Amino acid sequence: MTMWVFGYGSLLWNPGFPVADRVVARLKGYQRSFCMRSIHHRGTEEEPGLVLALDAVPPASCEGIAMQVEAGAEQATLEYLRARELISSAYYEATVPLQLVDGRVVDAVAYIIDAAHDQYCGGLPLEEQAQIIAKAVGGRGPNTEYLFNTADHLNQIGLQDADLDWLAARVRSICA
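On a predicted model such as this, the values are computed, not experimentally measured, just so you know. (Residues numbered from 1 in each chain as written. Predicted model: local features only at pLDDT ≥ 70, side-chain atom pairs only at ≥ 80, totals over all residues. Heavy atoms only, no water.)

### Focus: the pattern of salt bridges
For clarity, the cut-off: Any Lys or Arg side-chain nitrogen located within 4 Å of an Asp or Glu carboxyl oxygen qualifies as a salt bridge. We count a stretch as a helix when DSSP gives it H or I for four or more residues in a row; a strand needs E for two or more, and each element gets its number in order from the N terminus. A simple rule labels every residue: compare its accessible area, found with a 1.4 Å probe on the protein chains alone, to the largest value its type can have, and call it buried under 20%, exposed over 50%, or partly exposed in between.
Tallied over the full model, the rule gives eight salt bridges. The partner of Glu 63 in a salt bridge is Arg 26, and the shortest N-O contact between them spans 3.0 Å. Placement of Glu 63 in strand β3 (residues 49–69) and of Arg 26 in strand β2 (residues 19–38) is noted, with a sequence separation of 37 residues between them. With relative accessibility at 27%, the residue Glu 63 sits in the partly exposed group. Its salt-bridge partner being Asp 152, residue Arg 172 comes within 3.8 Å of it at the nearest N-O pair. Of the two residues, Arg 172 is situated in helix α4 (residues 162–175) and Asp 152 in helix α3 (residues 143–156); the sequence distance between them amounts to 20 residues. Judged by relative accessible area, Arg 172 falls into the partly exposed class, the value being 38%. With relative accessibility at 33%, the residue Asp 152 sits in the partly exposed group.

Have a look at this one:
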């Protein structure tokens, strides 16, 4: 059985598993948002950073990449993703329907923010997000790197995210 994974943040530019195919896709009912405080990868418990999450906001939709896992690597990929994405239980794993740009609909694994978790911080003003991202550093590096890589990759594949573009420009000016 073919396994698909939905990438909307760092999985876009750093999947960490063998990918057989990449297709632009849309997930309905969710938006990409810096609504999760990062206490491991892009911040610390003392100085949390922010990472992107899928926030349930009907009727929104999120464009990203559906990644088909190479045949035979499904179990290892799932184990890897669970270790990476479920590190603090702020995300939950779900199987979601994706509308691919070529018209197909596939079920994909996605990691969605638990709005009841204490790391959830939906609704932060963009300026506050920029100030946090400009300063935070975690186990996987600076929060700025996460923002810049994600915004740049979305632009390279032709997916526009006005909030990420604004944040990237603002964080660059703060750090200058």
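### Overview of unusual backbone geometry
For residues other than glycine, phi is negative in most cases, and the peptide bonds are mostly trans. The residue after Pro 58, namely Pro 59, is reached through a cis peptide bond having omega 5°. Assignment of secondary structure puts Pro 59 in strand β3. Non-glycine residue Ser 89 carries a positive phi angle of around 65°. Mapped onto the fold, Ser 89 is located in the loop between α1 (74–85) and β4 (91–100). The partly exposed category is assigned to Ser 89, whose relative accessible area is 47%.

### Section: the state of the cysteines
We apply this condition: For this text, the term disulfide refers to a pair of cysteine sulfurs within 2.5 Å.
Per the stated rule, a full pass over the model turns up zero disulfides. Between Cys 62, a free cysteine, and Cys 35, which holds the nearest cysteine sulfur, the sulfur-to-sulfur gap is 11 Å. By relative accessible area, which is 2% here, Cys 62 ends up buried. Here Cys 121 stays free of any disulfide, with the sulfur of Cys 35 as its closest cysteine sulfur at 6.4 Å.

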